[in-house]
Structure formats: C-alpha cells, structure tokens
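Here's the letter readout for the chains.
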Amino acid sequence: MKIKVRVSHEEDTKYAFLICEKIKESAKIRGTGIAKKDPEYIKSKMIHGNAVIAFFDEKLAGFSYLETFQNEEFVVNSGLIVFPEFRKQGLAKIIKIEIFKLSREKFPNSKIFSITTSNPVIKINTELGFKPVSFSELTHSEKFWKGCQSCANFDILTRNQRKMCLCTGLLYNPYMNKNNKKDKSSLSTGDKIVLAYSGGLDTSYCLKYLIQEKKYEVHTVIINTGGFKKDELLKIEERALSIGSKSHKTIDAIEEYYQNCIKYLIFGNILKNNTYPLSVSSERIFQAIKIAQYATYIQAKAIAHGSTGAGNDQIRFDIAFQIICPEKITLSPIRDMKVSRKEEIEYLQDKGVSICWDQAKYSINKGIWGTSIGGKETLTSYHDFPEEAYPTKLSRKKSENLELEFEKGELVSVNQERGKPIKNIIKIEKIASEFAIGRGIHIGDTILGIKGRVAFEASAAIIIIKAHHLLEKHILTKWQLYWKEQLSNWYGMLLHEAQYLDPVMRDIEKFLKSTQERLTGTVDVILYPYRFHLVGIKSKFDLMTSSHYNMAQYGEMNYAWTAEDVKGFTKILSNQMKMYHNLNKKEK
C-alpha cells in the first residue's frame, strides 16, 4: 500500500471530469452536499496549485481544493472527495491535513473555513483546530453562497435566511491560535511525540528519556532507504516497543529515494570532492521528509531526533521539519543536553535497558547507496582505516566481467538480465562488494564549517557512476559535459548541505534529465580485488563511432576537411592571441 497526496499541477487537469463525477455521485448517495462541480473550475484550481490530489498505489483516489474570499480574509477548504473503493483507509484525513497545510502556507493570515455534513470530516477539522461556528461568522461573499444553489438542501438554507442549514460551519482563526502561546511553543505531560528511531544507542536513549523523564507519549518511526534487512527492522521494532514506545512504524522509502535522488546522483556523476557518493547525506533528507509527513499524519505535537550537536544530520532534520511541519516543536535531547556516549549507556543501564552498545568500536550507517563508517581513526588526520573495520570483507580474488546497460541514463540491466534500477543496484553491490571495491576515506567540509573525515564502502555507487560517466563521454557534446559538471557539483553540494527542498534543485534536476535523452548503451567493466577497470562502451549514439564514417579518425585520416581548411581555421582561431602577444612585445 502506497498513499501519495501532493499539491496539484497542470498535468492533473486530465482527472478533472472524473473528480466532478465522483463528487456528484457521492452527494447523490448521501442526499446532501454540493451536487455539482464544473470541470473547468476544478482545472483552474489544479493549474494554480490550489488543490491537493491523492493516489493510492498510483491510482487516483481523492481530491480537495481551496478558494479565497473577501480579499483573502477567508479561505475555504472544499470539494473533499475520496473515491468509494479507497475509503476506510485514513485517506480523507491525510487529504484534509494536506489541504489545510497548503491553505496555511499560501494564506497564513486568512481564516480557513469549511461547511460539511460529514461527521468524520468534522472530527478531522476539530483535531486541526477548527471550531464550530454559526454561518454569520463565515464569509459574506455572494460568490461562495451562490455555489450552494446546486445542493439538494439549498431551500433549507434560503428559508433560514442563510443562518443555518444541514451543514456544520467550521472555522480556523489563525489569530486565536497565535494568542494561544502554549499550543505553539510548549509541551505538556502526555503530549504525542514522534521519534526518529534507528535502534541504536542515541535514539534508544532519547526514547527512554522522553518517556521516563518527560512523560510524553512517544511513537517511534524508522524510514528504510535501503539500509535494513527485514529481520533487522523487526528487531528494531521489538526494541522500541520493549523500551516503551506507544507504537512503532516502519516506512519503506527505497523507491521514492531512488526516483527523487539517486537517479539524479547518477545523472550528475556526483562524487563529493571527487571521492564520496553522498551515501548518508542524501538519505537523511528523505528520511526527515517522511518522518515529518508521518508526524503530521498521526497529529503529533513534536518531533524528536537523536543527533548530536557536532554533525550534519541535525541540520538536515531540523530544516526539513521547519519547512514541512513548521507548527511542530523539534526536540533533540542529546544535542540540547550535551549528553556523552558514556552517560547514555549508564542512564539506559540504570533504567534496566541493557544492550551492549559499548562493545561496538565503529558507528556504521548502511544504505542502498553506500555505507559510511566512523571510528577513532576518522577523528584524526593521519591514521589509516584498518581492513577489519570495513563491514564487507574481500572474498573473491579472481577477476570477473560485468556488463551494465543504461537507457536514458538509468541502469536497466546487469549482465544482460533486465530489472528495475533498485534491484540492479543491489545486484551490483552484492557482486562487487566481494571484491572490496568502492572503499575510501572522505575528507570534506561540514555544514557547520568544520572539517570531517569518514570512511565508506560503496561499490555499486562508484561503479555505476564511473560507468555512466564513461558512456556520457562518448555520447554528450563537449559543452553538455562541461555544463553538466558545473551544475552537478552544485547539486551535490546543495544536497549535502540540506538544501534539497530549495526549488533550484528541481531546476537542476530538469537540466540533468534533459541531458540523458540519448544516454543509452552498454558499458563493459572488469572487477579485480580492490579495483575495477572500465573496458569500453557500445551505443548507437556514440559520437566517436559515428565520426569514423564521414569525418575523421582521431590521429589518423580525415575526410571532411583539407589541409588548407585547417590552416585557415588555425589562423582565425589564433587571431586574438596573436594580437595580445604583438602588443606585449611593443610594450617591452
């Protein structure tokens, strides 16, 4: 099951007629409500981003829109529809939360209202802070009330001079909420908290501390972006519940992580400082986004994470939370109280949580795009990282051939066996990691301005990026390659520094995607212990091969120009340099 609710755009207008029909059918069955919507009206809402649209397993499942009245004094949340086959899945609540959030973002000073006969919608609105009010407190706009004419109960509304009807009026007043400072900035005993939980020492300490000392109702969530096996996720859930989590949720975001990030890291051949494939830094922002969405879904008042005060992850979590759910409080106990690892272990042992975290010499963060490893050696500038510290050991010494096939920049087959990119990445990792390929130590600048050092192993990421880049060298033009490199460097840096949600990232992604239109072909690779060799490529778009037929072979024979052509070309090409050097001689 995969639910996706997002802000609408122009491409969604194809659904307008169907949505209007569903709204009409629903109203007819209930015998109440607005019976008719104009598809052109719904299209205008979609085009201007004033609607949210829902999908259930990629099938259209629901919709809602907003509209302003009285010079934006009022915003109405209306047209909420969940298609019958997708009801009783909690989808109405998600849509309602998203349209409310969109209304608050676009019109933060407007009063938001809704009129409905649906008890579940009334309940959801009440949880969001709406209050039941008389119709006199809602907009006086004739345009709005005119829309009720197609309702089966319009005569009731008119008989009562628009003072009441079968609908309940609900109003959210942002000014009243601003005056209630306690709601905005403080937490009380029993408040619902979502904790980003990995099962490690830091997040286990946070879980016990927030329950034991703060008396909060803590719900844990883990976002799997490819770093956990099924049995590992079950053990993490068991640990969270045994420590005291009210509930635990595992959210699979591997495909979403690939489609929205890894794909562009490949398109851009992105290696931070020409070394590191952004394994963990790219994952964290997606984990933060999903955690924020989950916290909104379960109506938590705050979100907690286990970051320390000296790393990048705290920035990535905080920024995502501030943008996606700014109304929620962010907690980070370890950072805020400067708790040491030793103090965490002692506290947990004192509370009866006895797990041997102190036996682990290295901190390991594993994901589908690579594994990062930290230890005492990475805290210095001079210690080498020991062989035994890498999670995957060298187990194969005989060389092996590998053929990778790309279509429009995406990896579609490995050794002539087709599969989805995610499965292909996992397959390459399984093969190449046995050769201990993709190891390295990255030294870079943190978001905080200090230098950091981390070891990593990322055999699939390194091989795929290098193979993809080789294919590009054959297919793209000189200037495509040049400008791709410039923008790709920016994309990697901005992603690393928690700027993924800046709209410029979507602009760069469009550029990167456009460069991949002809990026189709195969790359042959040979794997050896600790290294690999790129043999060559085959592609119908290979500019090197096509030039053989009617132009020239580099360093050999030319067919498209004469010796005199070259003499004239070099004469013109050197004009400005000759002028410069002639003037320089005169000055001397």
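All figures in this text were calculated on a predicted structure; none of them were measured in a lab. (Residues numbered from 1 in each chain as written. Predicted model: local features only at pLDDT ≥ 70, side-chain atom pairs only at ≥ 80, totals over all residues. Heavy atoms only, no water.)

Engineer: How would you summarise the packing of aromatic side chains if you had to cite specific residues and measurements?
Structural biologist: All told, the structure shown has 24 aromatic pairs when counted by the stated rule. A network of ring pairs unites the aromatic residues Phe69, Phe74, Phe113, Phe135, Phe144 and Trp145 as a single cluster. Across the ring face of Phe83, the terminal group of Lys22 is positioned such that the distance to the ring centre comes to 5.2 Å. The residue whose ring lies beneath Arg506 is Tyr500, and the NZ or CZ to ring-centre distance is 4.3 Å. (Phe/Tyr/Trp six-rings, centres within 6.5 Å; stacked < 30°, edge-to-face > 60°. Lys NZ or Arg CZ within 6 Å of the ring centre and 35° of its normal.)

Engineer: Give a description of helix H11 (residues 254-267) that names residues and reports values.
Structural biologist: The terminal C-alpha atoms of H11 lie 18 Å apart, and with 14 residues this matches the ideal 20 Å at 1.5 Å per residue to within 8%. Of all 14 residues that make up H11, ten are buried, and the element is covered over most of its length. For H11, the complete set of buried residues consists of Ile254, Tyr257, Tyr258, Cys261, Ile262, Lys263, Tyr264, Leu265, Ile266 and Phe267. Count one or two residues on from H11 and you reach Asn269, which has phi positive near 50 degrees. (Helix = DSSP H or I, 4+ residues; strand = E, 2+ residues; numbered from the N terminus. Expected span 1.5 Å × (residues − 1). Buried < 20%, exposed > 50% of the residue type's maximum accessible area, 1.4 Å probe, protein only.)

Engineer: Outline the packing of helix H21 (residues 563-573) against helix H22 (residues 575-587), supporting the account with residue identities and numerical values.
Structural biologist: Between H21 and H22, the least distance of the axes is 4 Å, while the angle of their chain directions is 50 degrees. For the element pair H21 / H22, the angle class is oblique. Residues Lys571, Ile572 and Leu573 of H21 form the contact with H22, whose participating residues are Asn575, Met577 and Lys578. Split into classes, the residues belonging to the contact of H21 with H22 amount to three nonpolar, one polar and two charged. (Axes fitted to C-alpha atoms, helices over the stretch in contact; angles between N-to-C directions. Parallel < 35°, antiparallel > 145°, perpendicular 65-115°, else oblique. Contact = heavy atoms within 4.5 Å. Nonpolar A, V, L, I, M, F, W, Y, C, P; charged D, E, K, R; others polar.)

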